[in-house]
Amino acid sequence: MPIRDTCRPRRAAGLVMTAAVLLAGCDYWPPALQTQIEQLRSELQTVTMEKAQLQNQMTSLTKAKDDLQMQVDDLSRTNRDKSTLIASLQSSVSALQERLAKSSKPVAAKAPLAKVTPKPAVKTAQKAPVKKKTLTKSAVH
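Nothing here was measured: the structure is a model prediction, and the numbers come from that model.

### Digging into the overall build of the protein chain
From N to C terminus, the protein chain includes 3 helices and 0 strands. Secondary structure elements in the protein chain, listed N-terminal to C-terminal, are α-α-α. Taking all 141 residues of the protein chain together, the buried fraction comes to 0%. Looking at the protein chain as shown, the accessible area adds up to about 14,500 Å², and 63% of this sits on carbon and sulfur atoms.

Listed below in structure tokens is the structure:
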């Protein structure tokens, strides 16, 4: 049993030392690992900058989309208003054409009752074009 007593303190000391090394960490990194770490840090910075740029682009594109959507909404509203106006004007034109057709029907109906005969055209005396006389030598003497 004395052997066991001597092994326990050594094992406990070994466990404490291993735990201390694990908890404290190791300040030594091999050069290849240090190079990899620096490369990863550099890539992380690059990716972080690209992410910020993409977020800025996303923000500006979202704003542009919202502006365009407002323009589409305005144009749609204007289109509806113009369509309503066109429909109203077409209705007015149809009503006016009907009124014109109704107002011209009674005149057409009365025409057979009172036969209209065209009057002969009165010829007015037209002046004959003036002829210019050319002077000859005998007319001048």
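Now that the structure is up, let's keep going.
### Here's the deal with the pattern of salt bridges
Side chains bearing opposite charge may pair, as long as their charged atoms lie close to each other. Under the counting rule described, the total for this entry stands at 3 salt bridges. R41 serves as the salt-bridge partner of E38, at 3.2 Å between the closest nitrogen and oxygen. Residue E38 and its partner R41 are located together in helix α2 (residues 31-113), separated by 3 residues, close to a single helical turn. Classification of E38 by relative accessible area gives partly exposed; the value is 47%.

### Considerations on the confidence of the model for the protein chain
Confidence along the protein chain averages 78 in pLDDT terms, with 59% of residues attaining 70 or more. Per-residue pLDDT, averaged within each element of the protein chain, yields its smallest value for helix α3 (residues 137-140) (54) and its largest for α2 (91).

The rules we used
Residues numbered from 1 in each chain as written. Predicted model: local features only at pLDDT ≥ 70, side-chain atom pairs only at ≥ 80, totals over all residues. Heavy atoms only, no water. Helix = DSSP H or I, 4+ residues; strand = E, 2+ residues; numbered from the N terminus. Buried < 20%, exposed > 50% of the residue type's maximum accessible area, 1.4 Å probe, protein only. Areas by Shrake-Rupley, 256 points an atom, 1.4 Å probe, with all protein chains shown as cover. Salt bridge = Lys/Arg side-chain N within 4 Å of Asp/Glu carboxyl O. pLDDT = per-residue confidence, 0-100.

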